[in-house]
Amino acid sequence: MTKKIAIYGSYLARVPVRQRYWKKRKDGIKQRYWKVTKRLKKVVMSGRYEFYGKGKDLYKAIMKALKVVPKGFVDVSAEMFLIDPMRFGFEGMWIDRTVESG
Amino acid sequence: MTEQLNQDKPIFGFSDTETIKLDFDETSFKNVKYWAQRVMKWFKLGGYVILKSSKNSYHVVFNKSVSWAENLKVVAWVALQSQNRGLIKWLVMQCIKKSSTLRISQKSQKHSPRIVYRDGKQDDQIESFLEFRKMLKNYIRKMETKKPESSSDM
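Nothing here was measured: the structure is a model prediction, and the numbers come from that model. (Residues numbered from 1 in each chain as written. Chains lettered and ligands numbered in written order. Predicted model: local features only at pLDDT ≥ 70, side-chain atom pairs only at ≥ 80, totals over all residues.)

Engineer: It is not clear to me how the nonpolar core should be interpreted in this structure. Could you clarify?
Structural biologist: Soluble globular proteins: nonpolar side chains tend toward being buried together. Grouped together as the largest cluster of nonpolar side chains are 51 residues, with contacts concentrated most on Ile-5, Ile-7 and Phe-51 of chain A together with Ala-36, Tyr-48, Ile-50 and Val-60 of chain B. A per-element tally of this core places strand β1 (residues 4-24) of chain A first, with 6 residues. Among residues more than four places away in sequence, those in contact with Ala-36 of chain B are Tyr-48, Ile-50 and Val-60 of chain B. (Core = buried A, V, L, I, M, F, W, Y, C linked by C-beta atoms within 7 Å. Buried ≥ 20, exposed ≤ 12 C-beta atoms within 10 Å, placed from the backbone. Helix = DSSP H or I, 4+ residues; strand = E, 2+ residues; numbered from the N terminus. Contact = placed C-beta atoms within 7 Å.)

Engineer: Before we go on, may I ask you to explain the environment of Phe-24 of chain B in this structure?
Structural biologist: Residue and element names in this part refer to chain B. With respect to the helices and strands, Phe-24 occurs in strand β2 (residues 19-24). Judged by the 24 C-beta atoms lying within 10 Å of it, Phe-24 falls in the buried class. Counting along the chain gives 24 residues from Phe-24 to Tyr-48, while the straight-line C-alpha distance between them is 14 Å. In contact with Phe-24, other than residues within four places in its own chain, are Val-32, Ser-57, Tyr-58, Asn-84, Gly-86 and Leu-87.

Engineer: Help me out: how do you make sense of the packing of helix α1 (residues 55-65) of chain A against helix α4 (residues 125-146) of chain B in this one?
Structural biologist: The angle between the axes and the distance between the axes are what describe a pair of packed helices. Viewed as axis vectors pointing N to C, α1 of chain A and α4 of chain B meet at an angle of 45 degrees, and their least axial separation amounts to 11 Å. With respect to α4 of chain B, the axis of α1 of chain A lies oblique. Crossing handedness for the pair α1 of chain A and α4 of chain B: right-handed. Only Met-135, Tyr-139 and Met-143 of chain B of α4 of chain B make contact with α1 of chain A, whose side of the interface consists of Gly-55, Tyr-59, Ile-62 and Met-63 of chain A. (Axes fitted to C-alpha atoms, helices over the stretch in contact; angles between N-to-C directions. Parallel < 35°, antiparallel > 145°, perpendicular 65-115°, else oblique. Left-handed = near helix turned anticlockwise from the far one by under 90°.)

Engineer: Teacher, can you tell me more about the pairing of strand β5 (residues 100-103) of chain B here?
Structural biologist: The side chains of a regular strand alternate, first on one face of the sheet and then on the other. All names here are of chain B. Of the two faces of β5, the one lined by Ser-100 and Leu-102 and the one lined by Thr-101 and Arg-103 are each fully buried. Bridge count for strand β1 (residues 11-16) against β5 is 4 bridges, and the pairing is antiparallel. Within β5, the residue paired with Ser-15 across the bridge is Thr-101. (Pairing = 2+ DSSP bridges.)

Engineer: When you look at helix α3 (residues 85-97) of chain B in this model, what are you seeing that I'm missing?
Structural biologist: Residues separated by three or four positions in an α-helix point in the same direction, a consequence of the helix having 3.6 residues per turn. Residue and element names in this part refer to chain B. Look at α3: 19 Å from first C-alpha to last across 13 residues, which is about the 18 Å you get at 1.5 Å a residue. When we look at burial in α3, the residues that qualify are Leu-87, Trp-90, Leu-91 and Gln-94. Seen end-on, α3 carries its buried residues on one side only, within an arc spanning 105 degrees. Of the exposed residues in α3, those oriented more than 90 degrees away from the buried face are Arg-85, Val-92 and Ile-96. Here the buried face of α3 lies against β2, α2 (68-82) and β5. Just beyond α3, the residue with positive phi is Lys-98, at close to 65 degrees. (Expected span 1.5 Å × (residues − 1). Arc of directions from axis to C-beta.)

Engineer: Which parts of the structure should I look at to understand the sheet that holds strand β4 (residues 57-65) of chain B?
Structural biologist: The strands making up a sheet associate through hydrogen bonds between their backbones, and the pairing can be parallel or antiparallel. Residues and elements named next belong to chain B. Taken in spatial order, the 4 strands of this open sheet run β2-β4-β3-β6, and their pairing is antiparallel. The strands lining the two open edges of the sheet, one partner per strand, are β2 and β6 (114-120). Across the sheet, the mean angle separating the axes of adjacent strands is 20 degrees when strand polarity is ignored. Strand direction decides the pairing type here: strand β3 (residues 47-54) and β4, joined by 6 bridges, are antiparallel.

Spelled out as structure tokens, the structure:
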């Protein structure tokens, strides 16, 4: 098993606002639907990266991870992350806030 | 909970499954040393190193390489015997993640953990942990020197 670098904490992310709406079905029942609007809202979320791989890749991945915050719990090789960081995260900003220890 | 929006740095840690690690919160050094010594002798773990993470909070890393099942067995044994609430909570978190993690960087008002005591052999997992810690600390130092150009507000 490999040794990994864990990068975790809370971050401020801009996520699209979801809006609910109702539509009357043919059978008369009002069905609730959600649509993703273009509007963005700021939310505080927490997530975690676990990187493994070679030293140089790890360093590059860490630098990248400062600006690209994780989508939940991401366990990926540094090399893979560097190929397409947006697949594993999205743009956001890390904030200093108390989180459960790693 | 305190938020400082100008500080855009996550927490860095070391994570693996084969190194036995313990995280004692609100425990005196004397107590931590007692448990480290007892666990080392009972499970024949070779050696240990104690790191102080903040006031009355300590991390312990053992030298012997073990499987994940064995690792959990040891940590659960200590948590049960010592009745340390912080350690029990930490153990539950590690079980959810399926690997154990210890912090290496600083965290809000807390400094990065520093070594305060060593005992026994240090040639296996402790050596690799310390190497990894050194590497990560170097990265963090490099990152801090680069930081001024990249600070931006959302």
